Every structure is written in C-alpha cells, then in structure tokens.
Amino acid sequence: MIFVAHSLILTHMKKPPTVGKQAPDFELKDASGTSVRLSAALALGPVVLIFYPGDLTPGCTVQLCAVRDDFEAFKKTGVAVFGINHGTADSHRAFAAAHRFPFPLLVDEGKRISRAYGTIRSLLKASFIRRTVIGISPDGIIRYERRGFPKTAEILKAMKPFAKMT
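Only a predicted model underlies this, so the values are computations on that prediction, with no experimental measurement involved.

About the cut-offs
- Residues numbered from 1 in each chain as written.
- Predicted model: local features only at pLDDT ≥ 70, side-chain atom pairs only at ≥ 80, totals over all residues.
- Heavy atoms only, no water.
- Helix = DSSP H or I, 4+ residues; strand = E, 2+ residues; numbered from the N terminus.
- Rg over C-alpha atoms; globule rule 2.2 N^0.38 Å.
- Buried < 20%, exposed > 50% of the residue type's maximum accessible area, 1.4 Å probe, protein only.
- Contact = heavy atoms within 4.5 Å.
- Areas by Shrake-Rupley, 256 points an atom, 1.4 Å probe, with all protein chains shown as cover.
- Lys, Arg positive; Asp, Glu negative; His and termini not counted.
- Charge placed at Lys NZ, Arg CZ, Asp CG, Glu CD.
- Disulfide = S-S within 2.5 Å.
- Pairing = 2+ DSSP bridges.
- Axes fitted to C-alpha atoms, helices over the stretch in contact; angles between N-to-C directions.
- Arc of directions from axis to C-beta.
- Expected span 1.5 Å × (residues − 1).

A. Representation of the overall build of the protein chain within the structure. Broken down by element type, the protein chain carries six helices and 11 strands. The C-alpha atoms of the protein chain give a radius of gyration of 15 Å, which matches the 15 Å a tight globule of 166 residues would have. The principal-axis extents of the C-alpha atoms in the protein chain amount to approximately 45 × 35 × 30 Å. Put simply, the protein chain has 166 residues, and 48% of those count as buried. Long-range pairs, those at least 24 residues apart, make up 61% of the contacts in the protein chain with a sequence separation of at least 6. Taken as a whole, the protein chain presents about 8,500 Å² of accessible surface, with 59% of it coming from carbon and sulfur. Across the protein chain, 24 positive and 13 negative side-chain charges occur, with their mean positions spaced 6 Å apart.

Structure follows, in structure tokens:
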C-alpha cells in the first residue's frame with residue numbers, strides 16, 4: 001500500500017519503523033497552513049515528534065504543557081519539537097493559543113503519518129492515536145521511541161549525542 005501525504009509519497013511498512021531504522025519522511029501543514037517537511041527540519045538538527053490523541057484534552061494538555069515548560073532545554077540542545085495529531089488547523093490553533101505552545105502542531109489529516117509511525121491503535125471500528133514520542137537524528141534515523149509521558153530529561157538524554165548545541 002502507498003499513502004500520499006501532501007504530495008509526498010510514503011510506503012506503508014508491515015512493521016512500523018523502530019529505533020535504529022529510517023524515519024518515514026513527510027510533509028504536513030501546521031495550524032497556520034505552513035508546510036513542514038521532516039527532512040528539511042532534520043537538516044537543521046534532531047527532531048522530536050510528539051504524537052498525541054487530541055487537542056484540548058486533559059492528558060494531552062498536561063503532556064504538551066510539560067514540553068512547553070521545558071522548551072528552553074529542547075531549544076538549548078538544538079532539538080526541534082513538533083506535536084502531531086489528526087485535529088483540524090482550527091483546533092490546533094485554539095489549543096496552541098490557549099496554552100502558548102512555542103512549537104508547531106501539525107495536522108495529520110486521515111492519520112496517515114501517525115499510521116506510518118505505528119502510533120495508531122484500533123478499537124472496534126475506531127482508530128486512535130497512541131501517545132508516543134519519537135526522536136530522530138539529523139541522518140533520519142529513529143534514536144528514541146517511547147509510549148506515554150516520558151520526561152524531558154529522558155528524551156534529551158537520548159537526543160543529546162545527535163544535537164547541534166546552541
């Protein structure tokens with residue numbers, strides 16, 4: 001199967017990529033409509049993708065506010081952060097404005113990228129994004145993957161060897 005995400009073709013793998021494997025490239029729009037391509041972001045340094053189930057929900061608010069509160073540590077280490085879920089641009093804008101997120105929230109319409117990264121959980125006929133944090137080094141290799149609410153220190157410890165310190 002092949003999934004198309006805003007003119008960039010992704011090949012669906014039987015098993016999602018894991019630590020040590022190549023991260024699928026993608027291009028998604030952020031809440032303001034600006035296109036973000038993973039490979040372009042990686043050219044500037046490591047990237048952390050935070051897949052989360054929903055905007056303005058209690059668990060997602062706690063997780064993304066913790067990243068917001070620690071954002072200077074990500075920035076100092078040279079790690080770019082992107083939140084990803086299937087919410088609309090309007091929903092992302094409201095969520096980001098309500099909590100002053102200093103990082104973009106990307107619109108994964110149809111959950112194509114979430115699926116490519118193996119973050120989808122199906123229950124009956126519904127599918128949900130599983131809370132997952134993925135760290136990718138500038139060479140496009142997944143270096144960190146964890147479900148749930150990992151602490152910033154844990155994420156940065158994994159990504160620091162690949163970071164361009166500022």
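After that view of the structure, there is still more to cover.
B. A look at the state of the cysteines. Per the counting criterion, the structure on display carries zero disulfides. Cysteine Cys 60 remains unbridged, with the sulfur of Cys 65 as its closest cysteine sulfur at 11 Å.

C. Region of interest: the sheet that holds strand S10 (residues 132-136). Ordered by their spatial adjacency, seven strands build an open sheet running S4-S3-S7-S6-S5-S10-S11, and the pairing between neighbours is mixed. Bordering the open sheet on either side are strand S4 (35-37) and strand S11 (142-147), each of which pairs with just one other strand. Shown here is a sheet whose adjacent strand axes are inclined to one another by a mean of 30 degrees, direction ignored. Examined bridge by bridge, strand S6 (residues 80-85) and strand S7 (residues 105-107) share three bridges and lie parallel to one another.

D. Quick look at helix H4 (residues 89-99). Taken together, the buried positions of H4 are occupied by His 92, Phe 95, Ala 96 and His 99. Along the long axis of H4, the arc covered by the buried residues comes to 95 degrees, so they all point the same way. What points out from H4, more than 90 degrees from its buried face, is the exposed set Asp 90 and Ala 97. Of the surrounding secondary structure, the elements contacted by the buried residues of H4 are helix H2 (58-69), S6 and S7.

E. Spatial organisation of H2. Between its first and last C-alpha atoms H2 spans 16 Å; for 12 residues at 1.5 Å apiece the expected length is 16 Å, and the two agree. When H2 is considered as a whole, its buried residues turn out to be Cys 60, Thr 61, Gln 63, Leu 64, Cys 65, Val 67 and Arg 68. Buried residues along H2 sit against strand S5 (47-51), helix H3 (71-77), S6, H4, S7 and S10.

The quantities given are spatial measurements derived from coordinates; they are silent on function.
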